[in-house]
Amino acid sequence: MRFLHTSDWHLGRRFHGEDLIDRQRKILEHICATARTEQVDALLIAGDIYDRAIPSLDAARLFNWALHELADLNIPTIMISGNHDSAHRLGIGSGLYAKAGVHLRTDPDDASRPVLLDDAHGPVAVYGVPYLHPTLVSEQMQVETPSHQAVLTAALEAIRTDLATRPDGTRAIVLAHAFITGADSSDSERDISVGGVAHAGAAVFDGIHYTALGHLHRPQAVSDRIHYSGSPLAYSFSETGHTKSLALVDLAADGTPTVTHQDIPAGLHLPLARLTGRLEDLLSDPAHAPLADAWLHVTLTDPARPYEAMSRLRQRFAHTLDMKHEPATIPAQATDTPTYRDRVRGRSDLDITHDFITTVRGTAPTDDEQALLQEAVDHMNLHAQQKETV
């Protein structure tokens, strides 16, 4: 049986102010065209359909158009909600969509209710596990300690219980939206840490023939049976140069998956590029002429921040979207003191609050204070997630 695995559409997202709706429509057209060309038996969409809980009207219209296109494929589509989606809003109409072959899984209670498919080798059960925020679903899933590991373990235990009732030899596919230990993230994914931990171990998917993951935007394999398709578009400059793709999955009679990544055509990519150097050099160097129409992230290395740098850059590079100033070290002003941007880059909210306490008071937080800080960070993240899911 052949599947096409995609995720993280983020319909309605903007890129540093640039509207992506038209580009996202072309990506969805490409996904549907690939499903037809490759003659897949089902389409797997592993969450983050929308970029916001309350999507823009343009995003909702595009999703409505996509639903019709998916129904016209005349193959089953299995789709789950991600951490950017409002599970409740996305799930409205799911019973009606299922009659057209589009199966949404947005309620944790439905994770163990598979979409059942068949081929010449027997049945395939496809289970959809929506994004599970540990604090919000721990009671529903009857777990004592709210963690990503605990709620995913509970969901997979329920799936294995259902799978045990299926005919011998039934092959199992699971869609999930999570950060699995060992995978590589980028700057465009939202932090989902709870209790300081964002990860769950790959072992929760033991016994599943193929796990189609969403959340991380770089296509990658956690194991030969666990894959991220990655986002079909780049959503941050940290993804400049990433190869965007769709995952084509051929499931053998014994359940062994063969995964081939189908690269997104170059014409559909965002034209991202990075430039580094002194302003006058960037404005005058003929080697940069091919980047005149690129979407640029510029790092200026001038000793002092140039006057009206952004407007001057845009005279040559109209789509300069982001700029930062990182002066090259000057011997007379050399210093080993990093900037605030350098100190916080890539660090968690909890690490930053620890540093603040240490700097202001002169001593590190005690164990009790660290627990309170962790509780505050978790509360902030939970509040943000509750706003996404109402």
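Residues numbered from 1 in each chain as written. Predicted model: local features only at pLDDT ≥ 70, side-chain atom pairs only at ≥ 80, totals over all residues. Heavy atoms only, no water.

1. A closer look at the sheet that holds strand β4 (residues 42–46)
As summarised here, the arrangement of the six strands in space is β6-β5-β4-β1-β15-β16, forming an open sheet in which the pairing is mixed. At either end of the open sheet lies a strand with only one pairing partner, and these are β6 (102–105) and β16 (257–263). Each strand of the sheet is rotated relative to its neighbour by a mean of 20°, with strand direction disregarded. As defined by bridge partners, strand β1 (residues 2–6) adjoins strand β15 (residues 245–251) across four bridges and the pair is classed as antiparallel. Along β15, the bridge assignment pairs Arg2 with Asp250. Of the strands in this sheet, β1, β4, β15 and β16 are in contact with helix α1 (residues 21–37), which crosses β1 at around 170°. (Pairing = 2+ DSSP bridges. Helix = DSSP H or I, 4+ residues; strand = E, 2+ residues; numbered from the N terminus. Axes fitted to C-alpha atoms, helices over the stretch in contact; angles between N-to-C directions. Contact = heavy atoms within 4.5 Å.)

2. A closer look at the environment of Thr6
Along the polypeptide, Thr6 turns up in strand β1. The sequence separation of Thr6 and Ile31 amounts to 25 residues, and the corresponding C-alpha distance is 8.3 Å. Leave out the neighbours within four places in its chain, and Thr6 touches Ile31, Leu43, Leu44, Ile45, Ala46, Ser229 and Leu246.

3. Points about the pairing of strand β9 (residues 171–177)
Residues in a regular strand project their side chains so that they alternate between the two faces of the sheet. Among the seven residues in β9, seven count as buried, and that is most of the element. Both faces of β9 are covered, namely the face carrying Arg171, Ile173, Leu175 and His177 and the face carrying Ala172, Val174 and Ala176. By the bridge criterion, six bridges tie strand β8 (residues 122–129) to β9 in an arrangement that is parallel. Bridge pairing links Val126 to Ile173 in β9. Of the strand pairs in this sheet, β9 and strand β12 (residues 210–214) are connected by five bridges, and their pairing is parallel. Residue Val174 lies in a different strand from β12, and its bridge partner there is Thr211. (Buried < 20%, exposed > 50% of the residue type's maximum accessible area, 1.4 Å probe, protein only.)

4. Remarks on the packing of aromatic side chains
We describe a pair of aromatic rings using the distance from one ring centre to the other and the angle between the two ring planes. In total, this model carries three aromatic pairs according to the counting rule given. Judged by centre distance (5.0 Å) and plane angle (75°), the rings of Phe15 and Phe237 are edge-to-face. Here Phe237 lies in the loop between β14 (226–228) and β15 and Phe15 lies in strand β2 (residues 14–15), a separation of 222 residues in the sequence. With a relative accessible area of 1%, Phe15 lands in the buried category. Connected via pairs of aromatic rings, a cluster forms that spans Phe15, Phe237 and Trp295. Over the ring of Trp65 we find Arg25; its NZ or CZ atom is 4.7 Å from the centre of that ring. (Phe/Tyr/Trp six-rings, centres within 6.5 Å; stacked < 30°, edge-to-face > 60°. Lys NZ or Arg CZ within 6 Å of the ring centre and 35° of its normal.)

5. With respect to the pairing of strand β19 (residues 320–325)
For strand β18 (residues 295–300) and β19, the ladder comprises five bridges, and the chain directions are parallel. Paired with Thr299 across the bridge in β19 is Lys324. Following the backbone out of β18, through helix α8 (residues 309–316) and into the adjacent parallel β19, one traces a crossover that is right-handed. (Right-handed = clockwise from strand over helix to strand, strands pointing away.)

6. So, unusual backbone geometry
What you tend to see is this: most non-glycine residues have negative phi, and most peptide bonds are trans. In this structure, His16 takes a positive phi of about 50° despite not being glycine. Relative to the helices and strands, His16 is located in the loop between β2 and β3 (18–19). Judged by relative accessible area, which is 42%, His16 ranks as partly exposed.

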